[in-house]
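Observations on the three-dimensional arrangement
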Amino acid sequence: MNMRALLMSENFHKAMIFLGVIGSFITIIMGWGGMDFLVRTVVKKMLRLVPGSITWNMWKTIPIPVYLKFNIFNITNPEEMSQGAKPRVNEMGPYVYIIDYDKHNFVPNEDDDTYVYQDSKTYFFVPEMSNGREDDMVTYINLIFVGVSHVAHDFTDVDFILETLDTMLAEKGEKLYRTDKVKDLFFDGVSIQSYIELLEDPLVQQAGDIDLPEDFKDGKFALFKGKNGTLDAWWEVHTGIRDHREFGQLVAWQNKSKLTFHKADSCNSINGSDGTLNPPFVEPGISDLFIFIPELCRSVKWQYDHETVAHGIPVSRFQFPDINTPAEDPDLWCFCPHDDLGKCDIHGIASLAACYQGVPIMFSKPHFLDVDTSVRKQIDGVNPDQKKHGGFIDIHALTGVTIQASVTMQLSIELVNWPSMPSFANASRAFVPFAWIQQEATIDALNMFLIRMQSTFLGLWPFLRWLNLFGCLGLVGIGGLLVYNGRKGSSTVDITEEENKEGEVDKELNVWIKKFVK
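Residues numbered from 1 in each chain as written. Predicted model: local features only at pLDDT ≥ 70, side-chain atom pairs only at ≥ 80, totals over all residues. Heavy atoms only, no water.

Quick word on the packing of helix H6 (residues 159-171) against helix H8 (residues 193-200)
Axis separation between H6 and H8 bottoms out at 10 Å; the angle between their running directions is 130°. Here H8 runs oblique to H6, going by the angle between their axes. Considering how the two elements wind past one another, H6 and H8 form a crossing that is right-handed. Residues Leu 165, Met 168 and Leu 169 of H6 touch H8, and the partners they reach there are Ser 194, Tyr 195 and Leu 198. Here the contact of H6 with H8 is composed, by residue class, of 5 nonpolar, 1 polar and no charged. (Axes fitted to C-alpha atoms, helices over the stretch in contact; angles between N-to-C directions. Helix = DSSP H or I, 4+ residues; strand = E, 2+ residues; numbered from the N terminus. Parallel < 35°, antiparallel > 145°, perpendicular 65-115°, else oblique. Left-handed = near helix turned anticlockwise from the far one by under 90°. Contact = heavy atoms within 4.5 Å. Nonpolar A, V, L, I, M, F, W, Y, C, P; charged D, E, K, R; others polar.)

So, in structure tokens, the structure goes:
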């Protein structure tokens, strides 16, 4: 049978009808619920921490570039500041580092559907992305000296002791400010030998058993001391195998299910993820996004802002929330390190003293963005900008994948003009910014392409399902019409042949009649 005969055959037309009916049935199932079920099933299957899987390998080493940017507030009038002038700062940087992540020492906990592991980070300076060099000299607020002044006042209110302490440190060269290399300040360490010698002084030893924090006992201080290329904290995370809603959610940090820094369990709770994994099926404006940030000693609930598009992918944008006071949000009372909650009454800035050995390190958004204006008036040179300084996270709602993120925070310290300490007596009270830090990451090109294609297809699916349904119904209609026309044509041919046979019989009959008449 040639192709033309096949296409004109009734069996082929019936096959068209059959395929159209089956296609319509499948389209109705997939178009109105089935596709959503299929996609969700695949996503659940993919987003599990199973050793050797794609998700596991990407989570273990984080193959995308993650950048850490340091911006330092250089004090341009240090001597005048010591004598009561308003601190004046200019921003140096950014000093950009790329972070090499890895995870080690995995211990499965099948009963709880979790993995325990230890992480490490290695920082590599990226000069071509930086505005400055690691050996740049920067003048900054002397965090240790100012911190000691606060701890000393918590320890005693005897003016003679406080004045003696200040004098002893001043004689060792301590001032309200320091000048050091950028790299020493962040990684290699600056000397704090003055404080080691102070604690070894017989007069100080008579006051009691006073210990420096373990990290300071080698006479060095740096923000990321001992955290570059070394094993760091222990984490425990849900795999998501049993429940996709728990995927990537933290169970414990440093082998503890709760922190011990704050006054109540609600503030000590470890909620959310470490920022690298999120559960799928985010409901914009409904789902909560918690990220535990060890440097802030707390889990932060990010605030849903709006729907937008990032790199051609529809995303839900979450913003770093406003930092409220206990008066504005009573649930935050346990974050205040003071018995008097009135000491935690400045909007936009919060104390980290509880987890930094009593040193009144404060955190806020960079350049005191969204902080009470009275704080910004204490400093010259801060210029808050929402676009530049407001942190955000863009999440693909279906998969929970972070498409891009920019997490920012600023560290400051409260400078107090203590009357009994000569080095501080003439200073103006102020929250002096030290540095602001930005961590940035964008999903890799391959996964970005795959998610973009998926998003495009699912966006077109409401239109495609109707197009496909009409196409299948059209196939049924055309097939039915061809069968009908084929059968009608066959019937006409049969009638014509019968009529022709009757005509031939009539002719023969007439011949015989004529012969009989003759």
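Still more ground to cover, so stick around.
Describing a negative patch on the surface
Together, Asp 339, Asp 340, Asp 345 and Asp 372 line one region of the surface with negative charge. Mapped onto the fold, Asp 339 is located in the loop between strand E12 (313-319) and strand E13 (349-351). Take Asp 339: its relative accessible area is 80%, and that puts it in the exposed class. (Patch = residues over 30% accessible without salt bridge, like charges linked within 9 Å, V, L, I, M, F, W, Y side chains within 5 Å. Areas by Shrake-Rupley, 256 points an atom, 1.4 Å probe, with all protein chains shown as cover. Salt bridge = Lys/Arg side-chain N within 4 Å of Asp/Glu carboxyl O. Lys, Arg positive; Asp, Glu negative; His and termini not counted. Charge placed at Lys NZ, Arg CZ, Asp CG, Glu CD. Buried < 20%, exposed > 50% of the residue type's maximum accessible area, 1.4 Å probe, protein only.)

Digging into the side chain of Ser 351
Mapped onto the secondary structure, Ser 351 falls in strand E13. A distance of 3.1 Å separates the side chain of Ser 351 from the backbone nitrogen of Ala 353, its partner in a polar contact. Not counting the four nearest positions on each side in its chain, Ser 351 is found in contact with Arg 298, Phe 335, Pro 337, Ile 361 and Met 362. (Polar contact = N/O pair within 3.5 Å; in protein donor to acceptor, adjacent residues only side chain to side chain.)

Quick notes on the environment of Asp 154
Looking at where Asp 154 falls in the secondary structure, it is placed in helix H5 (residues 143-155). We classify Asp 154 as exposed; its relative accessible area is 65%. When the C-alpha positions of Asp 154 and Lys 183 are compared, they lie 32 Å apart, and in sequence the two are 29 residues distant.

Remarks on unusual backbone geometry
In this structure, Pro 94 follows Gly 93 across a cis peptide bond, with omega equal to 10°. Looking at the secondary structure, you find Pro 94 in strand E2 (residues 89-109). With phi around 60°, Asp 113 is a residue other than glycine that occupies positive phi space. The residue Asp 113 is located in the loop between E2 and strand E3 (114-125) in this model. Its relative accessible area of 10% is what places Asp 113 among the buried residues. Phi at Asp 370 takes a positive value of approximately 65°, unusual for a residue other than glycine. Here Asp 370 is to be found in the loop between strand E14 (361-364) and helix H11 (373-376). Note on Asp 370: relative accessible area 31%, which makes it partly exposed.

A few points about the environment of Met 16
You can see Met 16 is positioned in helix H2 (residues 10-46). Taking the C-alpha atoms as reference points, Met 16 and Val 138, 122 residues apart in sequence, are found 79 Å from one another. Here Met 16 is in contact with Leu 475, Ile 478, Gly 479 and Leu 482, once residues within four sequence places are set aside.

A word on the UniProt feature "transmembrane region" (unreviewed entry) in the protein
With numbering aligned to this structure, UniProt lists the feature "transmembrane region" (unreviewed entry) at residues 15-39 and 463-484. Its end C-alpha atoms 30 Å apart, residues 15-39 is made of 100% helix and 0% strand. As annotated, residues 463-484 has a helix share of 100% and a strand share of 0%, and its two end C-alpha atoms lie 32 Å apart. (UniProt positions renumbered as here; feature names shortened; annotations may be inferred.)

Topic: the layout of surface pockets
Remark: the empty space left among the atoms is shown by a probe the size of a water molecule rolled over them. As a volume, the second largest pocket reaches approximately 1,400 Å³. Every residue lining the second largest pocket is counted, 49 residues in all, and those nearest its centre are Phe 335, Cys 336, Ile 349, Ala 350 and Ser 351. Going through the elements one at a time, H5, helix H10 (265-268), strand E11 (298-310), E13, E14 and strand E17 (430-442) are the ones with two or more residues in the lining of the second largest pocket. Top contributing element to the lining of the second largest pocket by residue count: E11, with 7 residues. When its residues are assigned to classes, the lining of the second largest pocket shows 25 nonpolar, 14 polar and 10 charged. (1 Å grid on protein atoms, 1.4 Å probe; cavity = no way out; pocket = protein on both sides within 12 Å on 5 of 7 lines; lining within 4 Å. Points joined across faces, edges and corners; volume = space filled by probe spheres on them.)

Here's the deal with H6
The first and last C-alpha atoms of H6 sit 18 Å apart over 13 residues, in line with the 18 Å expected at 1.5 Å per residue. Residues of H6 that are buried: Leu 162, Thr 164, Leu 165, Asp 166, Met 168 and Leu 169. With its phi angle positive at about 100°, Gly 173 sits one or two positions after the end of H6. (Expected span 1.5 Å × (residues − 1).)

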